Amino acid sequence: MSVIDNLNKSREPSSYSNELFNEQWQLYQKILLNSYMKHQEIYGILHQWLVNNFQKPFSMLELGCGDASFTAQALSNTTIASYQGIDLSEAALLIAQSNMEPLPCRATFTQGELLEYVVELVQKQQENFDLILSSFALHHLSFEQKDFVMGKLLHLLKNGGIFLLIDVFRSENEKREDYLKRYLEDVHKNWSQLTHQEYSLVEEHIRKSDFPETQSIFYSLATKHGFTRKECLYHDTLDTTQMLCFYAPTCEMR
Ligand SMILES: C[S@@+](CC[C@H](N)C(=O)[O-])C[C@H]1O[C@@H](n2cnc3c(N)ncnc32)[C@H](O)[C@@H]1O
């Protein structure tokens, strides 16, 4: 049995519901279009941050890229030279390909499990990235799987490279049940363009598949795995969504 098989045992067998990101990608696009998960705000900040931080050509890996629609917008008019995206959803990757096409960079996509992909990349030792992004994907993993992925990322980053995590977070000391109640109350109140059926699908997906950690848990994992600096670039008013930045050591520090 492989490390990944063992890790997958740490996730409840029925916990990951991928229907929303396969058959119902249009519903997820509706959520993006209405910026219910704050993509407009976050990716606006990300674009400016990329412009400020990458004056030279840079390479990027995105874990759980989905249709990469907001990533493509954030990367436009930056110095992006090469982009790799990995996602489980074939439907999303087809759209991602066309979203990235206008950008003057090499873009490649892989359909598969991100846990396996990071292991493969580390084993090959062929590629190192200036930037790794994961946006609203890691909360689908169990704690053990998140720990495992964080442990691989430093090996995939260049000296001084950066891991950017955009995701949902529990408040400090908040239990998952309380987080779900709080998050779903907001969905019910503010995601007003969803039909009753769409709301039910979203609720089912969130209840089955969302396992957010707190900010301090991610900061501890980053320290454990050798990241030297952490920074919060975005924190929403509801205290559910953040963009965190983790810095790999520079060559003098390694
Ligand atoms: C909420 S969507 C986020 C998409 C995009 N990154 C964004 O911010 O809009 C989550 C994405 O992660 C992908 N995903 C979830 N778990 C994954 C895994 N273990 N390996 C690869 N992709 C995964 C899903 O297929 C889906 O496209």
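Residues numbered from 1 in each chain as written. Predicted model: local features only at pLDDT ≥ 70, side-chain atom pairs only at ≥ 80, totals over all residues.

Remarks on the pairing of strand β6 (residues 229-235)
Line of reasoning, step 1. The pairing of β6 with strand β7 (residues 241-247) spans six bridges and is classified as antiparallel. Within β7, the residue paired with H235 across the bridge is Q242.
Line of reasoning, step 2. Hairpin connection from β6 to β7: five residues lie between these consecutive antiparallel strands, with D239 at a positive phi of about 65°. (Pairing = 2+ DSSP bridges. Helix = DSSP H or I, 4+ residues; strand = E, 2+ residues; numbered from the N terminus.)

Let's talk about the packing of helix α8 (residues 176-190) against helix α9 (residues 196-209)
Line of reasoning, step 1. α9 packs onto α8 with a crossing angle of 165° between their chain directions and a minimal axis gap of 11 Å. As summarised for this structure, α8 and α9 are arranged roughly antiparallel, according to the angle between their axes. In this structure, the crossing between α8 and α9 has a hand that is right-handed. Each of L180, Y183, L184 and V187 in α8 lies in contact with α9, whose residues at this interface are V202, E203, I206 and R207. (Axes fitted to C-alpha atoms, helices over the stretch in contact; angles between N-to-C directions. Parallel < 35°, antiparallel > 145°, perpendicular 65-115°, else oblique. Left-handed = near helix turned anticlockwise from the far one by under 90°. Contact = placed C-beta atoms within 7 Å.)

What about the environment of Q126?
Line of reasoning, step 1. Tracing the sequence through the fold places Q126 in the loop between α6 (114-124) and β4 (129-135).
Line of reasoning, step 2. Among the residues examined, Q126 registers 6 C-beta atoms within 10 Å and is labelled exposed.
Line of reasoning, step 3. Each C-alpha atom, one on Q126 and one on L156, is 9.2 Å from the other, the two residues being 30 residues apart in sequence. (Buried ≥ 20, exposed ≤ 12 C-beta atoms within 10 Å, placed from the backbone.)

The values are spatial; any link to function lies outside them.
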